Amino acid sequence: VMLALPDDYTPGPVRRVPPGQDSDIFHPNDVEPLTAAFAEAFPQFEVGDLLISLRELNLVAVLDPDRLEFKWMGYGPWIRQHDPDFTASGRIEIYDNATGRGRSGILSVDPATGDVQRLHTGPRRGDFRGGRDRVRVQQYRGRRGERERV
C-alpha cells in the first residue's frame with residue numbers, strides 16, 4: 001500500500017496521529033484477494049486484486065498488486081472499519097466500527113456505482129467489536145444465507 005502512495009504523502013490535518021503511533025498511520029487491518037469464485041461478480045477487477053482496509057483513513061480499496069495501483073477506493077460512511085469482504089452479489093460488505101456514533105454495524109457498498117446500504121445496525125452501543133465479536137458478525141451473515149467469505 002505504501003508503494004502505491006505518492007512519495008510526498010503525509011497524513012492530512014483531518015486525522016491527527018497520536019504521539020507514539022506514527023509508525024501505524026494507516027492501521028491496515030485486512031487484506032483479501034479476489035478469488036475465481038467471486039471474479040464474475042466483479043468485472044472491473046481481476047483475480048488476485050487485493051481488497052484492503054486502512055482503518056485510520058476510513059478507507060476500503062481494491063489494489064492491483066502487480067501495478068501497485070488502486071482500482072477502486074471508498075471513504076466512509078464507515079468509520080474505523082474492519083473485515084471488508086467480496087460477496088457473490090458483486091458488493092463489498094464492511095464491518096463499520098462507527099466510532100463516535102455509538103452503533104456499529106454491517107454496510108454493503110457496490111464498487112461499480114458507489115451505492116451504500118446498511119445491512120445491520122447493532123441494537124445498542126458496542127453490539128459488535130472488531131475481532132472479539134467476529135462470531136456474531138459471522139452468525140448474522142449466516143442467518144442471511146450469504147456465508148460467502150473467502
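Just so it is clear, the model here is predicted, and its values are computed rather than measured. (Residues numbered from 1 in each chain as written. Predicted model: local features only at pLDDT ≥ 70, side-chain atom pairs only at ≥ 80, totals over all residues. Heavy atoms only, no water.)

Further remarks concern unusual backbone geometry. Both trends apply: most residues other than glycine have a negative phi, and most peptide bonds are in trans. In this structure, Asn58 is a non-glycine residue whose phi angle is positive, near 55°. Position of Asn58 relative to the elements: it lies in the loop between β2 (50–54) and β3 (59–64). By relative accessible area, which is 23% here, Asn58 ends up partly exposed. In this structure, Arg80 is a non-glycine residue whose phi angle is positive, near 50°. Counting through the fold element by element, Arg80 comes out in the loop between β4 (69–75) and β5 (82–86). Take Arg80: its relative accessible area is 19%, and that puts it in the buried class. (Helix = DSSP H or I, 4+ residues; strand = E, 2+ residues; numbered from the N terminus. Buried < 20%, exposed > 50% of the residue type's maximum accessible area, 1.4 Å probe, protein only.)

In this section: the confidence of the model for the protein. Across the protein, the average pLDDT comes to 77, with 63% of residues at or above 70. Element-level pLDDT for the protein is lowest in helix α2 (residues 134–143), with a mean of 52, against a maximum mean of 97 in helix α1 (residues 36–39). Considering only residues more than four positions removed or in separate chains, one finds that residues 130–135, a stretch of pLDDT under 50, has 7 contacts. In this model residues 145–150 is a low-confidence stretch, pLDDT under 50, and it forms 17 contacts with partners more than four residues away in sequence or in other chains. (pLDDT = per-residue confidence, 0-100. Contact = heavy atoms within 4.5 Å.)

Take the packing of aromatic side chains next. Per the counting criterion, the structure on display carries 2 aromatic pairs. Aromatic side chains Phe42 and Phe45 sit 6.1 Å apart centroid to centroid with 25° between the ring planes, which places their arrangement in the stacked category. This pair shows no difference in class: Phe42 is buried, exactly as Phe45 is. Ring geometry for Phe42 versus Phe86: centroids 4.9 Å apart, planes at 70°, classification edge-to-face. One end of the pair, Phe42, is in the loop between α1 and β2; the other, Phe86, is in strand β5, and 44 residues separate them in sequence. By relative accessible area, Phe86 is classed as buried at 1%. (Phe/Tyr/Trp six-rings, centres within 6.5 Å; stacked < 30°, edge-to-face > 60°.)

The next point concerns the pairing of β2. Counted residue by residue, β2 has 4 buried out of 5 residues, so it is predominantly covered. Summarising the sheet, strand β1 (residues 28–33) and β2 pair through 5 bridges and their orientation is antiparallel. Across the sheet, Pro33 pairs through a bridge with Leu50, a residue of β2. Relative to β3, β2 is paired through 5 bridges, and the arrangement is antiparallel. Its bridge partner being in β3, Leu50 is matched across the sheet by Leu63. Turn length for the β2-β3 hairpin, with the two strands adjacent in sequence and antiparallel, is 4 residues, and the turn residue Asn58 shows positive phi of about 55°. (Pairing = 2+ DSSP bridges.)

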